[in-house]
Amino acid sequence: MPATRFTKLALASIVALAAGTNALLTNPVRTVITRDIKTPDPVPQSGIDEAVSLMSTGRMYRYNVKDAESSTVSKCEVEIAEYTGHKYCVALNSCGSAIMLMMKCAGLQPGDEVLSNAFTFGAVPSAIEHAGGKAVYVESNYNHVIDIDDLEKKLVEYPNCKFMLISHMRGKLADMDAVKDACDRHNVILLEDCAHSLGVEWKGTHSGHVGKVAAISAQSYKMINSGEGGFLLTDDAEIAAKCAVYAGAYEGLAAKHTTVPGPEVFADLPNQIPNYSLRMSAVSAAIIRPQVLTLDERREKYNKRYAFVTEQLVERKGHLLSIPVNTPGMTPVHDSLQFNLSHDITDEQVQKFLDESATHGLPVELFGHKSNARNFVNWKFAPADQPLPLTAKMLSRACDVRLPLMWDDKDFEDMVDVLCESLDAALAEEDVMA
């Protein structure tokens, strides 16, 4: 009896072991990320110290100083302009304000049509609407930049259009020579939304110099982080003067700026155009200043990590996804990751992939999701007046993942594993035992 009982127990154990082995094969151990994907870049201690010093004196208003040389905001404007190579710089409360003002300063009149990428953030068509314009959307392609052929087409279809606002979404530049050539041939003023392209260059020159005016961002998830903030950049004296007045340089306060033209350009502008009170505070400028010094160092770190992640993804899952190709002539700053899933993957499998990634600690954004603010179908305040099939198809498979600077190298190895494992899970055949 004992022998018989032992044999039965042994058989039961073998069966249980076999079942467990099968479970391990069909339900492998998955990688889980515990770090916060939305971890922003920290403020250097020197910025914290300067901000605290300003708060201790109460002099947080940019004009509560004796002269321009004493102004933290003016010093910040000088440092930003030196970094980007622009002659004039006006600090503002947000990049959205900068985009809105660059259109008004460039001469936009109520009802004027403004061409812009169909793939951008909702703040861009919002700024067009805020400035009184009407957005006309140009298709974007699988490299996540504006489609030059459709730009040419829209310039012909909209002969009254006077402005082209190009958005360098996620820091990706289109062929800016081709964009400028097309605009020039149709007498259209080119404006650049560089919210995502601080540190990005076009043929050796910082982004924002091909167009007449540019805007950069200091919002929390950008290359400089003051929570909110923005800068208008230009080499045009009249535009710079108008921007300073719109922002709040009333009476003689323009004299407390360093990176604006002289009083002869301002003339009677403070009485001719309204004051929208869109100034940057001294605290924001203090926070930004030391971050400008580390931009190139951080660009190198971001690009190194991006290269690792994309190489691994292509090697392991290149048959299921593609990486947008940088336009020749562009020097990138890859502070985030974008990839296009194959159209062989169904909508249901795409959603399963998103769910699997999120469950394992890595939220992946789908640009074409019904709730995504980068999906043009959600801009009901500024709807497209004609179909955009290329952009819609691209967005339906275009994914977005942040690459937090404060993560460790090992975290990016885990990121690749979670993405690949989540794709495997989304595409796996149903369990035969189900």
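Located above this text is the structure these notes cover.
The paragraphs below set out a description of the structure included in this document. If you're wondering where the values come from, they're calculated on a predicted model, not measured in any experiment. (Residues numbered from 1 in each chain as written. Predicted model: local features only at pLDDT ≥ 70, side-chain atom pairs only at ≥ 80, totals over all residues. Heavy atoms only, no water.)

## Digging into the sheet that holds strand 8 (residues 213-217)
Across a sheet, strands are paired by hydrogen bonds formed along the backbone, either parallel or antiparallel in direction.
So, point 1. The seven strands lie next to each other as 1-9-8-5-4-2-3, forming an open sheet whose pairing is mixed. The open sheet has two edge strands, strand 1 (88-92) and strand 3 (134-138), and neither has a second partner. The sheet shows a mean angle of 20° between the axes of neighbouring strands, taken without regard to direction.
So, point 2. Summarising the sheet, strand 1 and strand 9 (residues 230-234) pair through five bridges and their orientation is antiparallel. Bridging across to strand 9, Leu92 finds its partner in Gly230. (Pairing = 2+ DSSP bridges. Helix = DSSP H or I, 4+ residues; strand = E, 2+ residues; numbered from the N terminus. Axes fitted to C-alpha atoms, helices over the stretch in contact; angles between N-to-C directions.)

## Overview of the packing of aromatic side chains
For any pair of aromatic rings, the description rests on two quantities: the centre-to-centre distance and the angle between the ring planes.
So, point 1. Scanning the entire structure with this criterion turns up six aromatic pairs.
So, point 2. Aromatic side chains Tyr61 and Tyr63 sit 5.6 Å apart centroid to centroid with 90° between the ring planes, which places their arrangement in the edge-to-face category.
So, point 3. You can call Tyr61 partly exposed: its relative accessible area is 34%.
So, point 4. For Tyr63, a relative accessible area of 5% translates into the label buried.
So, point 5. Their ring planes at 50° and their centres at 5.7 Å tell us that Trp407 and Phe412 sit as a pair that is tilted.
So, point 6. Judged by its relative accessible area of 1%, Phe412 is buried. (Phe/Tyr/Trp six-rings, centres within 6.5 Å; stacked < 30°, edge-to-face > 60°. Buried < 20%, exposed > 50% of the residue type's maximum accessible area, 1.4 Å probe, protein only.)

## Quick notes on the packing of helix 4 (residues 95-105) against helix 5 (residues 123-131)
So, point 1. Where helix 4 contacts helix 5, the axes come no closer than 8 Å and their chain directions differ by 45°. Comparing the axis directions of helix 4 and helix 5 gives the class oblique. For the pair helix 4 and helix 5, the crossing hand works out as right-handed. Taken together, the residues of helix 5 that come into contact with helix 4 (itself represented by Gly96, Ile99, Met100, Met103 and Lys104) are Val124, Ala127, Ile128, His130 and Ala131.
So, point 2. Residue classes in the contact of helix 4 with helix 5 are distributed as seven nonpolar, two polar and one charged. (Parallel < 35°, antiparallel > 145°, perpendicular 65-115°, else oblique. Left-handed = near helix turned anticlockwise from the far one by under 90°. Contact = heavy atoms within 4.5 Å. Nonpolar A, V, L, I, M, F, W, Y, C, P; charged D, E, K, R; others polar.)

## Observations concerning the sheet that holds strand 14 (residues 398-402)
So, point 1. An order of 10-12-14-13 is seen for the four strands of this open sheet, with the pairing classed as antiparallel. Either end of the sheet is taken by a strand with one partner, and the two such strands are strand 10 (321-322) and strand 13 (365-366).
So, point 2. On the sheet, helix 12 (residues 295-317) packs against strand 10 and strand 12 (336-341) and is oriented at approximately 20° with respect to strand 12.
So, point 3. Sheet strands in contact with helix 15 (residues 409-427) are strand 10, strand 12 and strand 14, and its direction is about 20° off that of strand 12.

## Considering the pattern of salt bridges
So, point 1. One pass over the structure, following the stated rule, counts 25 salt bridges.
So, point 2. Between Asp184 and Lys180 there is a salt bridge, with the nearest N and O atoms lying 2.8 Å from each other. In this pair, Asp184 and Lys180 both sit in helix 7 (residues 176-185), four residues apart, roughly one turn of the helix.
So, point 3. Look at Asp184 and you get partly exposed, because its relative accessible area is 42%.
So, point 4. Glu238 is the salt-bridge partner of Lys242, the closest N and O atoms lying 3.3 Å from each other. On the criterion of helical spacing, the pair formed by Lys242 and Glu238 is a turn pair, its members being four residues apart in helix 8 (residues 237-247).
So, point 5. Assessed through its relative accessible area of 19%, Lys242 is described here as buried.
So, point 6. Connected through shared salt-bridge partners, Arg30, Lys352, Glu356 and Glu421 make up one network. (Salt bridge = Lys/Arg side-chain N within 4 Å of Asp/Glu carboxyl O.)

## As for the environment of Gln291
So, point 1. On the secondary structure map, Gln291 appears in helix 11 (residues 282-292).
So, point 2. Considering only alpha carbons, one finds Gln291 and Asp41, 250 residues apart in sequence, at a separation of 9.4 Å.

## Structural notes on the pairing of strand 4 (residues 163-167)
So, point 1. Across the five residues that make up strand 4, a large majority, five, are buried.
So, point 2. With burial as the criterion, each face of strand 4 is covered, one bearing Phe163, Leu165 and Ser167 and the other bearing Met164 and Ile166.
So, point 3. Pairing between strand 2 (residues 113-117) and strand 4: three bridges, direction parallel. Residue pairing across strands places Ser116 opposite Leu165, the latter belonging to strand 4.
So, point 4. Pairing analysis gives five bridges linking strand 4 to strand 5 (residues 189-193), with the strands arranged parallel.

No statement about biological role is implied by the geometric values presented.
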